Amino acid sequence: MLSDITVFIDEGGDPGVKDGLKFSDTRYEWFTLGAYVIRTENEPNAVATVRKIMEGVKGYQKPDLHYANLPLASRVPACRYIATVPSRAFCLLSHKTNLREYTNPILGKMKSSQFYNWCCRLLLERVMYWYRQQIDNGDVAENPIKIVFSERGGHDYEHMFSYFERLIDQAKHGGFKKKPKCFEASMMNRSHWSIEPHSKIAGLQLADAIASAFYQAANRRSPNWAVEPARALAPIMGERLGGSACDVGVTVWPLYHQAKLPDDTHQIFKHYGYRFN
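Reference entry: report on the structure contained in this document. Along every chain, residues carry numbers that run from 1 in the direction the sequence is written. Given that the model is predicted, a residue must reach a pLDDT of at least 70 before its local features are reported, and side-chain atom pairs must reach 80 or more before they are shown or counted; all residues, however, enter totals for whole chains, interfaces and linings. With hydrogens and water stripped out, all remaining heavy atoms of the structure feed into the side-chain values.

A pair of packed helices can be characterised by two numbers: the angle between their axes and the separation between those axes. Their axes nearest at 10 Å, the elements helix H1 (residues 43-55) and helix H2 (residues 72-82) cross at an angle of 155 degrees. Relative to H2, the element H1 is oriented roughly antiparallel. Between H1 and H2 the crossing geometry is right-handed. When H1 is examined against H2, the residues Thr 49, Lys 52 and Ile 53 are found in contact with a partner set consisting of Ala 78, Tyr 81 and Ile 82. Residue classes in the contact of H1 with H2 are distributed as four nonpolar, one polar and one charged. Fitted lines through C-alpha atoms serve as axes, helices being fitted only where they are in contact, and the angles separating the N-to-C directions of these axes extend from 0 to 180 degrees. Elements are defined by DSSP. Helices are runs of H or I of four residues or more, strands are runs of E of two residues or more, and each kind is numbered from the N terminus. Should an angle fall under 35 degrees it is called roughly parallel, over 145 degrees roughly antiparallel, and 65 to 115 degrees roughly perpendicular, with every other angle called oblique. The crossing is said to be left-handed when, going from far helix to near helix, the turn is anticlockwise and less than a right angle, and right-handed when the turn is clockwise. Throughout, a contact is declared for two residues whenever any of their heavy atoms are within 4.5 Å. All amino acids are sorted into three groups, where Ala, Val, Leu, Ile, Met, Phe, Trp, Tyr, Cys and Pro are nonpolar, Asp, Glu, Lys and Arg are charged, and the leftover types, Gly among them, are polar.

Right, let's get into the pattern of salt bridges. The term salt bridge refers to a side-chain nitrogen of Lys or Arg lying within 4 Å of a carboxyl oxygen of Asp or Glu. Inspection of the entire model under this criterion finds 11 salt bridges. Residues Arg 152 and Glu 11 are paired through a salt bridge, measuring 2.7 Å at the closest nitrogen-oxygen approach. Residue Arg 152 is found in the loop between strand E6 (146-150) and helix H4 (157-173), and its partner Glu 11 is found in strand E1 (residues 5-13); the two are separated by 141 residues along the sequence. Glu 142 is the partner of Arg 132 in a salt bridge, and the nearest nitrogen-oxygen pair spans 2.9 Å. Here Glu 142 lies in the loop between helix H3 (112-136) and E6 and Arg 132 lies in helix H3, a separation of 10 residues in the sequence. Three labels apply to residues, based on accessible area from a 1.4 Å probe with only protein chains included: buried if under 20% of the type maximum, exposed if over 50%, partly exposed otherwise in between. Among the residues examined, Glu 142 registers a relative accessible area of 37% and is labelled partly exposed. One network of salt bridges, with partners in common, ties together Arg 121, Glu 125, Arg 126, Lys 181 and Asp 247.

The residue Met 128 is located in helix H3 in this model. Note: C-alpha distance between Met 128 and Glu 184 (56 residues apart in sequence) is 7.3 Å.

Phi at Asp 247 is positive, roughly 65 degrees, even though this residue is not glycine. In this structure, Asp 247 sits in the loop between helix H6 (228-232) and strand E8 (250-253). Asp 247 gets classed as buried once you look at its relative accessible area, which sits at 15%.

For the rest of this paragraph, the subject is the sheet that holds E6. Here we have six strands laid out as an open sheet, ordered E7-E6-E1-E2-E3-E8, and mixed in their pairing. Of all the strands in the sheet, just strand E7 (193-196) and E8 have a single pairing partner and so form its edges. If you compare each strand with its neighbour and ignore which way they point, the axes differ by 20 degrees on average. We call two strands paired when DSSP finds no fewer than two bridges between them. As paired strands, strand E2 (residues 30-39) and strand E3 (residues 88-95) are joined by eight bridges and run antiparallel to one another. Bridge pairing links Leu 33 to Leu 92 in E3. Docked against the sheet, H1 engages E1, E2 and E6, running at close to 120 degrees with respect to E2.

To continue, consider the side chain of Thr 6. With respect to the helices, strands and loops of the structure, Thr 6 is situated in strand E1. The exposure class assigned to Thr 6 is buried, which follows from its relative accessible area of 0%. Reaching out from Thr 6, the side chain makes a polar contact with the side chain of Thr 40 at a distance of 2.9 Å. Those residues in contact with Thr 6, other than ones at most four positions away along the chain, are Tyr 36, Val 37, Ile 38, Thr 40, Glu 43, Lys 146 and Val 148. Any pair of nitrogen or oxygen atoms within 3.5 Å is treated as a polar contact; in protein, a donor-acceptor pairing is required on top of that, and neighbouring residues in sequence qualify only through side-chain atoms on both sides.

Moving on: H4. One less than the residue count of a helix, multiplied by 1.5 Å, gives the span that helix is expected to have. Helix length check: H4 (17 residues) gives 24 Å between terminal C-alpha atoms against 24 Å at 1.5 Å per residue, within 8%. Taken together, the buried positions of H4 are occupied by Tyr 157, Met 160, Phe 161, Tyr 163, Phe 164, Leu 167, Ile 168 and Gln 170. Down the axis of H4, the sector holding all buried residues measures 170 degrees, keeping them to one side. Across H4 from its buried face, at more than 90 degrees, point the exposed residues Lys 172 and His 173. Of the residues that open H4, the one with a side-chain oxygen 3.2 Å from the backbone nitrogen of Glu 158 is Asp 156. Gly 174 sits one or two positions beyond H4 and adopts a positive phi of about 65 degrees. By arc we mean the arc of the directions from the helix axis to the C-beta atoms, nothing more.

Here it is as structure tokens:
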């Protein structure tokens, strides 16, 4: 069965949640996952998008696009250009301070691999929520999503894929231990998932730009803090019907009603529809 859309997933920051409060109140307290979503038939266009961005950066010598290697002055133009190409973008941002002492009633103390898998689940739930809207609107067919994960050294993808398959089974039989925003068995099929090196796949490089732009926007204590690149992606951030990207294209976890975020990190979230008391 063919896919109508392809989802490329890459990260910003480190998924580690150990070390107590060692990194509390620092720029290392954030982890982001970005998803770049295009029609599967348009995957070759991602190559042209990456090439155009690199050609626009004077003296850029790297063989592939990596947001961290872009000069600061080139990041907003790069994100603006990404937002002109037909696509959708999603970002999950996790404030790890609120999770360091978290204990799952089933898993116990969360390890970095479990944390990464959970973040992937939350991100994919938002992609599926948006995809369901497109299906109901008649824009795409209801087929499994093609998902390409950026390869992370040392991560157990077999365990992650088995976790997703358990979620598929729960979706079929109504046995979710935690109700998802949207998780549909028809959209998830293991034969449509793959792990690829960031350097080889243009879509992953664009997902990296999304994850990294929001990582930069959330890390108020970073010397390179800036919200403008993430704001420039607004035209393609996934939205719910009615036009808000809050908890769809842009998701903060713990969810904004579950834990308090540092006041100086609110700016980017407010731009995407979040309201804080």
